[in-house]
Amino acid sequence: MISYSPKQIKTGFTVSALSPKILIVEDEPSQVEILKFNLKPEGFDVRVEMDGESGVQAAIEDPPDLILLDWMLPNLTGIEICRQLRRNTQTREIPIIMLTARSEERDKVRGLDIGADDYITKPYSIKELIARIKSALRRPRASVVEQKISVGQIEVDMRKHKVYFDKSPVDLGPIEFRLLVTLMQSPERVFSRDQLLDMVWGISASLETRTVDVHIGRLRRAFNRAGCKQIIRTVRSFGYSIEEVAV
Ligand code: CA
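Residues numbered from 1 in each chain as written. Predicted model: local features only at pLDDT ≥ 70, side-chain atom pairs only at ≥ 80, totals over all residues. Heavy atoms only, no water.

Caption draft 1: Molecular detail of the coordination of the calcium ion. Looking at the metal site, the calcium ion is ligated by D27 (OD), E28 (OE), D70 (OD) and M72 (O), spaced 2.1 to 2.9 Å from it. In terms of primary sequence, the donors binding the calcium ion are separated according to D-E-x41-D-x1-M. Here D70 lies in strand β3 (residues 66-70) and E28 lies in the loop between β1 (21-25) and α2 (29-39), a separation of 42 residues in the sequence. By relative accessible area, which is 2% here, D70 ends up buried. (Donors = N, O, S within 2.8 Å, 3.2 Å for Na, K, Ca; no water. Helix = DSSP H or I, 4+ residues; strand = E, 2+ residues; numbered from the N terminus. Buried < 20%, exposed > 50% of the residue type's maximum accessible area, 1.4 Å probe, protein only.)

Structural data, given as structure tokens:
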């Protein structure tokens, strides 16, 4: 029933295709300016926070596709931020590239141990940084390559492309499958219809947002048939989310 290849799954899920959102957490204004100046023309949607606490807060409130995280920050260090982001279900899959002025091997290893995906040592070439960002965005998120993901009583076997509710199989078309997995990767997060179009249908989609409603309807009906009364929450005039308490 599912006909797309694993490669397509990866690109469909990892990034909001139109303009990937990058959160920069960096306290030096000159560094911030250089990053903004160079990343915006590459089509990235850039948000900046200048201290650790606001960085963590911003990542949780509006999860970006990637975080550029300075190592040396006032209050919370980059390492502590990295740990906090990895502990939070909203943010634990987001690729993190650490920007570090320290070049000792020991520190690099520590940076990767605490869950950063990559690091780059200052002064870095912007060209290299952009290449690293693009490569991190292409990599599938951990949860996509995980064999199983679950929310409440819903379980998805990613390898077999099978969906279960309370252990019973639920039959879904390919779009509904991708919609479901996208929502399940960030439980409780509310996605707008435009975000879902980007993430599920991808960059070439020039579809009306109503298309999302049609497929959400199909997804709901498939789960209703399997005995699940409520799976997706509609947030009026905004979009949809999946709840832990799907019943
Ligand atoms: Ca700094």
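Caption draft 2: Expanded view of the sheet that holds strand β12 (residues 239-242). Sheet architecture is open: three strands sit in the order β10-β12-β11, paired in antiparallel fashion. Unpaired on one side and paired on the other, β10 (191-192) and β11 (232-235) mark the two borders of the sheet. The strands that helix α10 (residues 210-225) touches are β11 and β12; relative to β11, the one it contacts most, it runs at about 150 degrees. (Pairing = 2+ DSSP bridges. Contact = heavy atoms within 4.5 Å. Axes fitted to C-alpha atoms, helices over the stretch in contact; angles between N-to-C directions.)

Caption draft 3: Looking closely at the nonpolar core. Counting residues in each nonpolar core, the largest one holds 31 residues, and the members touching the most others are V156, L180 and F223. Mapped onto this core, the elements with two or more residues apiece are β6 (148-151), β7 (154-157), β8 (162-165), α8 (174-185), α9 (193-201), α10 and β12. With six residues, the top contributor of residues to this core is α8. The contact partners of F223, leaving out residues within four places of it in the chain, are I154, V163, F165, V170, L172, L180, C228 and I231. (Core = buried A, V, L, I, M, F, W, Y, C linked by side-chain atoms within 4.5 Å.)

Caption draft 4: Region of the structure containing the side chain of H215. Examined against the element boundaries, H215 turns out to sit in helix α10. Among the polar contacts listed, one links the side chain of H215 to the side chain of E176, at a separation of 2.5 Å. Excluding anything up to four places from it in sequence, H215 contacts I175, E176, L179 and W201. (Polar contact = N/O pair within 3.5 Å; in protein donor to acceptor, adjacent residues only side chain to side chain.)

Caption draft 5: Highlighting the sheet that holds β1. Ordered in space as β2-β1-β3-β4-β5, the five strands form an open sheet in which the pairing is parallel. The sheet is open, and its two edges are formed by β2 (45-49) and β5 (118-121), each paired on a single side. Within this sheet the neighbouring strands show an average axis-to-axis angle of 20 degrees, counted without direction. Relative to β2, β1 runs parallel, the two being bridged by five bridges. If you follow L23 over to β2, its bridge partner there is R47. Against the sheet, α2 engages β1, β2, β3 and β4 (96-100), with an angle of about 170 degrees to β2. Its contacts with the sheet put helix α4 (residues 78-87) on β1, β3 and β4, and the angle it makes with β4 is roughly 175 degrees.

Caption draft 6: Region of the structure containing α4. By the burial criterion, the buried members of α4 are G78, I79, I81, C82 and L85. For α4, the buried positions fall inside an angular range of 160 degrees around the axis, keeping them on one side. (Arc of directions from axis to C-beta.)

Caption draft 7: Layout of α10. Relative to the 22 Å expected for 16 residues at 1.5 Å per residue, α10 spans 23 Å between its end C-alpha atoms, a close match to the ideal helical length. Taken as a whole, α10 has its buried residues at V212, H215, I216, G217, L219, A222 and F223. (Expected span 1.5 Å × (residues − 1).)

Caption draft 8: The packing of helix α3 (residues 52-61) against α4, seen in detail. Running from N to C, α3 and α4 cross one another at 20 degrees; their axes reach a closest spacing of 10 Å. Looking at the two axes, α3 sits roughly parallel to α4. In this structure, α3 meets α4 at a crossing whose hand is right-handed. Two secondary-structure elements touch here, α3 through G52, V56 and A59 and α4 through I81, Q84 and L85. Taken together, the residues of the contact of α3 with α4 break down into four nonpolar, two polar and no charged. (Parallel < 35°, antiparallel > 145°, perpendicular 65-115°, else oblique. Left-handed = near helix turned anticlockwise from the far one by under 90°. Nonpolar A, V, L, I, M, F, W, Y, C, P; charged D, E, K, R; others polar.)

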